[in-house]
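Per-entry structural report
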Amino acid sequence: MKIKYFIPVVLCILCLSSCGTTSYLESESDAVKTESISSVSEEQKESAQIFVQIEGAVEKPGVYQMSDGDRVFALVEKAGGFRKDAYTADINQAEVLSDGQKLIVLTSKEQKAQQSAGSDGGSAQASDGRIDINKAGAEELTTISGIGPARAEAIIAYREQNGRFSKPDDITKVSGIGESTYSRIKDRIKV
């Protein structure tokens, strides 16, 4: 009779001890994984912060800290949204924000005044004759001496892949535009 009770007791002890060990090991490794994932994502969040400025016809203009990869619509939301008199037709709300970018939201009245004055009325060319390389289409870019159709397309492709140029000399990052080309066109371009 003693053997009858002894075998089931030993089997129960073995089962319980192996279940407990497996469970403990699994939960400990899960905790380690979770901790390392959360520490990596915190580090990534720290390094992926950018600062952008929004002015004009928004509820709360100012400089905002955003995450790298955020889009214009998220910045507008953070700034309290557009005012009722905002002219939004020229704003690409799906555009990816870049560090140091400044976005100016005109009122409808300001946009009409600007359009009637002829300065930047739908064109990337400013009143001083310089062309905004962040807004210009291929046709406008080819009006710059030294920029042909292929380079104009390369500028637009670079802009679409990498976002806005933050300063005029960033154009040298475009394939086919080196320092010598930049020195010839630097007085004809702006951002």
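Residues numbered from 1 in each chain as written. Predicted model: local features only at pLDDT ≥ 70, side-chain atom pairs only at ≥ 80, totals over all residues. Heavy atoms only, no water.

Let's shift gears to the overall build of the protein chain. Along the protein chain, the regular secondary structure elements total six helices and five strands. Ordered by position from N to C terminus, the α and β elements of the protein chain give α-β-β-α-β-α-β-α-α-α-β. Restricting to contacts in the protein chain with at least 6 residues of sequence separation, those with at least 24 account for 40%. Carbon and sulfur atoms form 54% of the exposed surface of the protein chain, whose accessible area is close to 12,500 Å². (Helix = DSSP H or I, 4+ residues; strand = E, 2+ residues; numbered from the N terminus. Contact = heavy atoms within 4.5 Å. Areas by Shrake-Rupley, 256 points an atom, 1.4 Å probe, with all protein chains shown as cover.)

This part takes up the sheet that holds strand 3 (residues 102–105). Sheet architecture is open: three strands sit in the order 2-1-3, paired in mixed fashion. Each edge of the open sheet carries a strand with a single partner, namely strand 2 (62–67) and strand 3. In this sheet, neighbouring strand axes are inclined to one another by 30 degrees on average, regardless of whether the strands run parallel or antiparallel. The pairing of strand 1 (residues 49–56) with strand 3 spans four bridges and is parallel. Following the sheet pairing, Glu55 is matched in strand 3 by Ile104. (Pairing = 2+ DSSP bridges. Axes fitted to C-alpha atoms, helices over the stretch in contact; angles between N-to-C directions.)

The next subject is the pattern of salt bridges. By the definition in use, this model includes four salt bridges. Taking the shortest distance from any N to any O, the salt bridge between Glu95 and Arg164 comes out at 4.0 Å. Linking Glu95 in the loop between helix 2 (72–78) and strand 3 with Arg164 in the loop between helix 5 (149–162) and helix 6 (179–185), this pair joins segments that are 69 residues apart in sequence. Shared partners join several salt bridges into a network, and the residues in it are Lys167, Asp170 and Lys173. (Salt bridge = Lys/Arg side-chain N within 4 Å of Asp/Glu carboxyl O.)

The residue Asn134 is located in the loop between strand 4 (131–132) and helix 4 (138–141) in this model. From its side chain, Asn134 meets the backbone nitrogen of Phe165 in a polar contact 2.6 Å long. With residues near it in sequence (within four places) discarded, Asn134 still touches Arg159, Arg164, Phe165 and Val191. (Polar contact = N/O pair within 3.5 Å; in protein donor to acceptor, adjacent residues only side chain to side chain.)

Below, the discussion takes up the environment of Asp169. With respect to the element layout, Asp169 can be found in the loop between helix 5 and helix 6. Taking the relative accessible area as the measure of exposure, Asp169 reaches 32% and is therefore partly exposed. For the pair Asp169 and Val191, spaced 22 residues apart in the sequence, the C-alpha separation amounts to 9.6 Å. (Buried < 20%, exposed > 50% of the residue type's maximum accessible area, 1.4 Å probe, protein only.)

Our next topic: the packing of aromatic side chains. Here the structure, examined in full by the defined rule, presents one aromatic pair. Summarising the aromatic geometry, the rings of Tyr158 and Phe165 are spaced 5.4 Å apart at their centres and angled 15 degrees between planes, so their arrangement reads as stacked. A relative accessible area of 3% means that Phe165 is categorised as buried. (Phe/Tyr/Trp six-rings, centres within 6.5 Å; stacked < 30°, edge-to-face > 60°.)

With 14 residues, helix 5 should cover 20 Å at 1.5 Å per step; its first-to-last C-alpha distance of 20 Å lies within 8% of that length. For helix 5, every residue scored as buried is listed here: Ala152, Ile155, Ile156, Tyr158 and Arg159. Seen end-on, helix 5 carries its buried residues on one side only, within an arc spanning 160 degrees. Pointing more than 90 degrees away from the buried face of helix 5 are the exposed residues Pro149, Ala150, Glu160 and Gln161. Taken together, the buried residues of helix 5 touch helix 4. Within two residues after helix 5, Gly163 carries a phi angle of roughly 90 degrees, on the positive side. (Expected span 1.5 Å × (residues − 1). Arc of directions from axis to C-beta.)

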